Every structure is written in C-alpha cells, then in structure tokens.
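Letter by letter, the chains look like this.
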Amino acid sequence: MDGMTHRRGEPRAYPARRRRIPLRNQPVGTVGGDGPAELVVSEVTVRFAGLTALDAVSFTVAPGSVHALIGPNGAGKSTCFNVLSGVYRATSGSVRFGGAELTSLRPHQVAALGVARTFQNIALSPHLTVRDNLMLGRHRLTRAGFVSAGLRLPAARHEAVRHGARVAEIAEFAGVGDALSIPVGLLPYGVQKRVELARALCMEPRLLLLDEPVAGMNGGERREMAGLIESVRESLGISILLVEHDMGMVMRIADAVTVLDFGRRIADGPPEEVQRDPEVVRAYLGDFGRPSDERGEA
Ligand SMILES: Nc1ncnc2c1ncn2[C@@H]1O[C@H](COP(=O)(O)OP(=O)(O)OP(=O)(O)O)[C@@H](O)[C@H]1O
C-alpha cells in the first residue's frame, strides 16, 4: 500500500480539473497488435487444495465495452483477475484474447499482449513524481537500449521526448496534468488512483483490468473516476473489465455484468437484467436497493 492515504471527507489539496481532451490511440509505439479485441473466458476452474475458487466460469468481454465482474466477498473475483493477468494458473479452462491463449503465460507476457492492470491498493512509487511514475508505464514501449539511453544518444533522446509528450497528453486526459511534477505520495487518494489508471494507459493497452477502482473513495472522487472510465471507453475504445463492489457505479457505467457467487457464474448480461435476476438478488440479500453508505461503501 505504497503512499496510500485515505483522506475521505477532507477538502482537496489538488483541484480535480479534468479536460476531456480527445486522445489519439497508440501514437508512440503500441503493444499487442491493433485495436480492441474480444476477451473470451471459457470454463475456467481454479482449485486451491480442497477449495474450488472458480468453477467452470465463462464470460466474454466485447471489444470496446465496460464489463463488470461482481459478487459477494469470496465469490472468486480476485482469483479470476489473477488468472487473466497470468498471476494464477487455471486448473482447467481457457482464456483467449485477440487470438492468443493467456492461461499458460506469465504476467509480463500477458502485459505484452496489451493487457494492463490496476490494483486494489495503489501500486505507485510515492517518492517519484507523477511524470516519472507514468514514464515507468511506458517502459515496455521504449525501443532505445539501456546503453544508448544511458549515453543520451540522439535517437534515445528523441524517443524520450516523444514518450514525455505522450505522458503529458495522457496525464491531461486523466485530469492529473497539473500534477506532473508532484511526488505521487503528496497527492490525495482519489488523484493517486487516477494517476494509477493513467499509468496503465501509458502502456497503450487494448484491455484494462481495474480492481476496485473506486474503493475507499468519497462521492466526488467516485464520480470523477467513473467519468474517467467512461472517457477511456469513449475516446480510446479500450475494453475495460472491472471488479467493483459499488453497485450504483457498476449499474451506471457497465455495458455488461457477470455475477459470481461461491466461484460459480450465477448471472451474465446487461446491468438492468442482472440486477433483477432472483439469484443475484438472493446472493446480495437485496443490497441493490440500499444506498452505498449503508453497505459500507462511503
Ligand atoms: N492463494 C489462495 N490460496 C487459497 N485459497 C485462496 C487463494 N486465493 C483465494 N482463495 C480463496 O478462494 C476464494 C475466492 O477468493 P477471491 O479472493 O477470489 O474472492 P473475491 O470475490 O475476490 O473476494 P473479495 O470481494 O472479498 O475480494 C475464497 O474462498 C478465498 O479464500
């Protein structure tokens, strides 16, 4: 939990100024081929010793859509994310993304195919500036070798300038353009979370995996983040799979929702259908009808 300070309810030290600038997709290098691709999860099972954390789970994330993976505590959401990002091996089943099978790949290989992930707890370097954290996100797209970069050869310098310009563009898009020179640890929690999303965008991904992007945020910060996620889909056409407990946000921004309970998929479809599904209502004991603060979601 590097540099994570939850300052719920405190006034902002940093203004939430966001310009919805249109971002051109992938102008300086790219990873994992062209444009968004379908993510197809088929019959994925994960067993830990005697426990079945995922039981033949299937769902498809359509290209350019926001897809939510929800379910009560212990339902298997994090396990699923860990399989998709190469951290866990599935016991059986398949995950295909743009023609590639992900289940046998390691995390850096999955990332190289254009799958970027953010974490529940902020995983930024708090002492580095926003700019430096974002430049680290572009590492995979950097062509200049270690030696030419170290010797500051013209090609390496030119490349660094181009990446710096793209970083500034993405920071502006994410509403953190004014904070480029500020060490991340000094920024309010909600802004740090947007820096984290910006860093994932710096990889020029085709699919973003967002793990509880608004957890621990106040109402204003949640709205900011929801707006940013919608902008990512609209401006960049990047597919987004998110795990989230804030049902209000999920129902507002998701195009499709997959619901897990005890490792099984119990519903899958458009949000308005899923929230009426009797098995989903039973799993959540009617949580959909209650305001988020009663569910302990700030
Ligand atoms: N590495 C592991 N070893 C053993 N059991 C695990 C491991 N990871 C997860 N589990 C178990 O698998 C089940 C699913 O856990 P998981 O963390 O995927 O659920 P979740 O839906 O993400 O829950 P939460 O919303 O609380 O984060 C739980 O019973 C959990 O204890």
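Residues numbered from 1 in each chain as written. Predicted model: local features only at pLDDT ≥ 70, side-chain atom pairs only at ≥ 80, totals over all residues. Heavy atoms only, no water.

Where an unreviewed UniProt entry is consulted, the protein chain appears under the name ABC transporter ATP-binding protein, with the organism given as Microbispora hainanensis.

Trainee: If you had to explain the overall build of the protein chain to someone new, which residues and values would you point to?
Mentor: Of regular secondary structure, the protein chain possesses 10 helices and 10 strands. Expressed as a percentage of the 298 residues in the protein chain, the buried residues total 51%. Residue pairs in contact within the protein chain that sit at least 24 positions apart in sequence constitute 73% of those at least 6 positions apart. (Helix = DSSP H or I, 4+ residues; strand = E, 2+ residues; numbered from the N terminus. Buried < 20%, exposed > 50% of the residue type's maximum accessible area, 1.4 Å probe, protein only. Contact = heavy atoms within 4.5 Å.)

Trainee: Now, about the site of the ligand: what can you tell me, with residues and values included?
Mentor: Inspection of the region around the ligand gives 13 residues, with Gly74, Gly76, Lys77, Ser78 and Thr79 positioned closest. Between an oxygen atom of the ligand and a side-chain N or O atom of Ser78, the distance comes to 2.8 Å. Within the side chain of Thr79, an N or O atom sits 2.6 Å from an oxygen atom of the ligand. Bound to the protein, the ligand loses 62% of the 630 Å² it would expose on its own. (Near = heavy atom within 4 Å. Polar contact = N/O pair within 3.5 Å; in protein donor to acceptor, adjacent residues only side chain to side chain. Areas by Shrake-Rupley, 256 points an atom, 1.4 Å probe, with all protein chains shown as cover.)

Trainee: Talk me through the sheet that holds strand 4 (residues 92-97); I want residue IDs and the actual numbers.
Mentor: Strands in a sheet are paired, the pairing made by backbone hydrogen bonds, and the direction either parallel or antiparallel. Within the open sheet, the 4 strands sit side by side as 2-1-4-5. Their pairing is antiparallel. Each having just a single partner strand, strand 2 (51-61) and strand 5 (100-101) make up the two edges of the open sheet. Relative to strand 5, strand 4 is paired through 2 bridges, and the arrangement is antiparallel. The residue of strand 5 that forms the bridge with Arg96 is Glu101. Strands strand 1 (39-48), strand 2 and strand 4 of the sheet are contacted by helix 1 (residues 77-84), whose axis makes an angle of about 115° with strand 1. (Pairing = 2+ DSSP bridges. Axes fitted to C-alpha atoms, helices over the stretch in contact; angles between N-to-C directions.)

Trainee: Just give me the short version of the packing of helix 3 (residues 130-137) against helix 6 (residues 189-202), but keep the residues and values in it.
Mentor: Their axes nearest at 7 Å, the elements helix 3 and helix 6 cross at an angle of 35°. The handedness of the crossing between helix 3 and helix 6 is right-handed. Contact with helix 3, carried on its side by Val130, Asn133, Leu134 and Gly137, involves Val195, Ala198, Arg199 and Cys202 of helix 6 and no other residues of that element. The residue makeup of the contact of helix 3 with helix 6, split by class, is 5 nonpolar, 2 polar and 1 charged. (Left-handed = near helix turned anticlockwise from the far one by under 90°. Nonpolar A, V, L, I, M, F, W, Y, C, P; charged D, E, K, R; others polar.)

Trainee: Can you break down the sheet that holds strand 7 (residues 207-211) residue by residue, with the values?
Mentor: If you trace the 6 strands from one edge of the open sheet to the other, you get 6-7-8-3-9-10, paired in mixed fashion. Edge positions in the open sheet fall to strand 6 (115-118) and strand 10 (264-269), since each of these has one partner strand only. Within the sheet, the average angular offset between the axes of one strand and its neighbour, ignoring direction, is 15°. Sheet topology note: the strand 9 (residues 256-261)/strand 10 ladder contains 5 bridges and is antiparallel.

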